[in-house]
Structure formats: structure tokens, C-alpha cells
Amino acid sequence: MIEEDGFCPRTGAKLSQSAHYTENGKQRVAVADAFGVSGTDEGELTKGAVRSSKVALFNYFRRCHQEHCDDNKTLYRKTALVLNRLKKAATGSQHKDLFIWYALQLRLYRRGFSVEWMHTHSALRCPHCHSPLKYTKTESDIIEGYCLSNCTNEKENKIEDIRQIIADLYNNAFDEPITSEQILQFKRD
């Protein structure tokens, strides 16, 4: 994940608030914490990434969960197993953190875990160029999301594309078919 949701893509370490400007642009420092990131890993400069390791996603999940709820070993064991299956099943752009995150949320939700809080720790982005989305509401109260950089030169709602990628990833990983219409509603509190 990047920008406000960014974390170290290798370890999942939280990133500092202050930025450093390097030849690679604005970067932040990975900060050691109680979620498996040791002091020897502290200080790595990163912007975050659109694709992170399984360990990084797990550490990010655990840290975010504990902002909202108490420690839950059962949930963490299930999360590790689900992340393993999703990472193995992902192909092409499905490897992006955004799609793994929402497929993980869907699987945990369908297994009875309370995961609504996960929406607050990821921002939807264009599935083609990873730019932020601009949201509009139709006359029938449907929220649509459009790529801010208009990378495909067509003004088209990207939310359905995102739902389809998540549904495809979910179907690749699990023997529990799902359609894009059944994907949890996307929102950010």
C-alpha cells in the first residue's frame, strides 16, 4: 500500500510521519514496532509499494486490527492461512495489495469475523495505473469511481473493474464461487 496507507513492503513496518526527499522522490523511514519488525530493519527508506510480501501484509493487518479491536490469535491464524492461499492464487494485477486486502476481507467476513474496520486502511485506486479515484454519485445514488489521471482516456467507472479482479482472485483461491456483485461494498470511513 502507498501514501497514507503505506507500510514497508518487505516487513510491514509502520512508516514515519516525516518524509525524506531522495533521488527516488519523497520517502519515509520504516519504524520498528511490536509487530515483528526488529530494530535492525528500522530506518529503511520506502514509499510503500503496490505489491508487498505476505509477511508485510500480515503485519499490517495485525497492527490495523489492534487499532480497532483486542488481540485475536484465532483471527491471526486464519489471516495467515488466507493470505498464503491468496498470494499463491494471484496472477497478473491480482498481486497488488489492494486486491489481496479486499479478497482477504471478503474471506474473513464469510468465515464470520468482524472485518468492517479494514475499509479504513486501504484506498481504492485505478486498477490500471494505481492513481487515486475521484468519486461521483449518480442520480440513482450509485457511487462511481474514476481514475484521476484518466489513464485509459475513457471516463469509465473503475469500481466494477476492481470488484471483478477481487472476485476472480477469490475464485482462484477458494472453492466457494463468488460474483463481482457479491463483493462487499467499498467505502472509506
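Look above for the structure.
Computed from a prediction, not measured in an experiment: that's the story for all the values here.

Visitor: What should I look at first to understand the nonpolar core in this one?
Guide: A general trend in soluble globular proteins is that nonpolar side chains are found buried together. F61, L86, W101, L104 and L108 are the most contacted members of the largest nonpolar core, which totals 42 residues. Listed by contribution, the elements that provide at least two residues to this core are α1 (54-68), α2 (73-89), α3 (97-110) and α4 (159-173). Here this core gets nine residues from one element, more than from any other, and that element is α3. What L104 contacts, discounting residues up to four positions off in sequence, is F61, T79, V82, L83, L86 and M118.

Visitor: What should I look at first to understand the packing of α1 against α3 in this one?
Guide: Packed helices, taken two at a time, are described by the angle their axes make and the gap between the axes. Relative to each other, α1 and α3 sit at 55 degrees, their axes nearing to 12 Å. The orientation of α1 with respect to α3, classified from their angle, is oblique. The two elements α1 and α3 meet at a crossing, and its hand is right-handed. Where α1 abuts α3, its residues L57, Y60 and F61 lie against D97, I100, W101, L104 and L108. Its residues assigned to classes, the contact of α1 with α3 comprises seven nonpolar, no polar and one charged.

Visitor: What am I meant to see in the packing of α1 against α2 here?
Guide: One way to put it is that α1 packs onto α2 with a least axis distance of 10 Å and a crossing angle of 145 degrees. The crossing of α1 and α2 is right-handed. When α1 is examined against α2, the residues K54, L57, F58, F61, R62, H65 and Q66 are found in contact with a partner set consisting of L75, Y76, T79, A80, L83, N84 and K87.

Cut-offs used in this document
Residues numbered from 1 in each chain as written. Predicted model: local features only at pLDDT ≥ 70, side-chain atom pairs only at ≥ 80, totals over all residues. Heavy atoms only, no water. Core = buried A, V, L, I, M, F, W, Y, C linked by side-chain atoms within 4.5 Å. Buried < 20%, exposed > 50% of the residue type's maximum accessible area, 1.4 Å probe, protein only. Helix = DSSP H or I, 4+ residues; strand = E, 2+ residues; numbered from the N terminus. Contact = heavy atoms within 4.5 Å. Axes fitted to C-alpha atoms, helices over the stretch in contact; angles between N-to-C directions. Parallel < 35°, antiparallel > 145°, perpendicular 65-115°, else oblique. Left-handed = near helix turned anticlockwise from the far one by under 90°. Nonpolar A, V, L, I, M, F, W, Y, C, P; charged D, E, K, R; others polar.

Purely spatial values, then, with no claim about function.
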